[in-house]
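# Topology and contacts: notes
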Amino acid sequence: MSKPTVGIFGLTGCAGDQLLILNCEDELLDLVELLDIRDFVMANSARDEHSQLDVALVEGAVVTERDEAILRHVRQRSNMLIAIGACAATGGIPGMAPEIDRKQAFHDVYGDAAANFELAADRGRPLSDFVQVDGIIPGCPIEKHEFLGAIASLLQGNPPRLKEYPVCTECRIRENRCLLISDDALCIGSVTRAGCNARCPSLGVACIGCRGPSVDANFPSLEALLVSKGYAVKDIHDKLGVFARLPEPAEAPCAD
Ligand code: SF4
Ligand code: SF4
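Residues numbered from 1 in each chain as written. Chains lettered and ligands numbered in written order. Predicted model: local features only at pLDDT ≥ 70, side-chain atom pairs only at ≥ 80, totals over all residues.

## Quick look at the nonpolar core
Quick note on the threshold: To define a nonpolar core, we join buried Ala, Val, Leu, Ile, Met, Phe, Trp, Tyr and Cys residues through C-beta atoms within 7 Å and take the resulting set. Exposed residues have 12 or fewer other C-beta atoms within 10 Å of their own C-beta, buried residues have 20 or more, and residues in between are partly exposed; the C-beta atoms are placed from the backbone. To qualify as a helix, a DSSP run of H or I must reach at least 4 residues; to qualify as a strand, a run of E must reach at least 2; elements of each kind are numbered from the N terminus. Throughout, a pair of residues is in contact if the C-beta atoms placed from their backbones lie within 7 Å.
With 38 residues, the main nonpolar core has Ala-56, Val-58, Ile-82, Ala-83, Ile-84 and Ala-88 as its most contacted residues. Elements represented by at least two residues in this core include exactly strand E1 (5-10), strand E3 (53-59), helix H3 (65-76), strand E4 (78-84), helix H4 (86-90), strand E5 (135-137) and helix H6 (144-155). Top element by residues in this core is E3. It accounts for five residues. Excluding anything up to four places from it in sequence, Ala-88 contacts Val-58, Glu-59, Gly-60, Ala-61, Ala-83, Pro-126 and Leu-127. Listed in part, the 16 residues of the second largest apolar core include Val-167, Cys-171, Cys-187 and Ala-198.

## Looking at the site of ligand 1
We count it as follows: Residue proximity rests on one test: whether the C-beta atom, placed from the backbone, lies within 6 Å of the molecule or strand. Three residue categories are used. Nonpolar comprises Ala, Val, Leu, Ile, Met, Phe, Trp, Tyr, Cys and Pro, charged comprises Asp, Glu, Lys and Arg, and polar comprises the others, including Gly.
In the vicinity of ligand 1 there are 13 residues, among which Cys-168, Cys-171, Cys-178, Cys-187 and Gly-189 approach most closely. If you list the elements that add at least two residues to the shell around ligand 1, you get helix H7 (167-173) and helix H8 (179-183). For the shell around ligand 1, the leading source of residues is H7, giving three residues. For the shell around ligand 1, the class distribution of residues is ten nonpolar, three polar and no charged.

## Here we look at the domain arrangement of the protein
Keep this limit in mind: Start and end positions for the domains come from either an automated domain assignment or a database one.
Under the domain assignment used here, the protein contains domain 1 (5-155) and domain 2 (167-251). Taking only C-alpha atoms, the centre of domain 1 and the centre of domain 2 are 26 Å apart. Domain 1 puts 13 residues into the contact, and the matching count from domain 2 is eleven residues. Looking at which element gives the most residues to the side of domain 1 that touches domain 2, the answer is H4, with three residues. Looking at the side of domain 1 that touches domain 2 residue by residue, the classes come out as six nonpolar, five polar and two charged.

## Thoughts on unusual backbone geometry
Pro-141 follows Cys-140 through a cis peptide bond whose omega is 5°. Relative to the helices and strands, Pro-141 is located in the loop between E5 and H6. Even without glycine at this site, Ala-15 takes up a positive phi of about 70°. The residue Ala-15 is located in the loop between E1 and helix H1 (16-22) in this model. For Asp-216, which is not glycine, the phi torsion reads 60° and is therefore positive. Checked against the element boundaries, Asp-216 lands in the loop between helix H9 (199-202) and helix H10 (219-228).

Here you go:
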């Protein structure tokens, strides 16, 4: 059986997901044995930029028109496209602070060189706002075990399989003390997709939702609970908006 052809790409992001793939040192030889990796500029500058791919793994949000053009080209040459990491899956960090004028922000940071960037959107947007996405590997960055599990699924022609329940379930399994209930911390593990083994609450740090919303995430219920504990709605929305892609304002959980 021929190996599936694979490309790994980065748009606007920190490249942490691509680095995590390269850091799978014990598994890298198996990966190159199983996969025909054609285009992965972080690993090999000799690129095959045009052949058809069975699977494309794309990191980063769409911020600039260049990002959008790369993404559309990758989509057109790929049978299956998987968004890897928070930025690609939900907009992540580049999607934060929607109220900020991005053109002004680019000018503040880059000065006159800002003219070199044509923005594709009002904020960092997930891949699914532009092209069909066949699956995601969440996280900031992705988890190694989920990446390797996703490769196993992809080798069988299936998209990655993810946990649907929230981080709270992993907290319960680890018998953590609940930071929300016991300490009144602004923890959003109850609406965040599991898979990190409740890394942050296990260290006494409230979950900030880097893996994006869990299936059936109940934002109104969490918001009501946090309000009852004295949190302002704006602070709750700010926290949820860091990674969880909130509903657009018209559908937002509750009014202030
Ligand atoms: S600490 Fe956070 S993630 Fe853990 S059970 Fe409590 S609310 Fe859920
Ligand atoms: S506990 Fe929350 S913030 Fe921490 S790694 Fe898991 S999903 Fe991300």
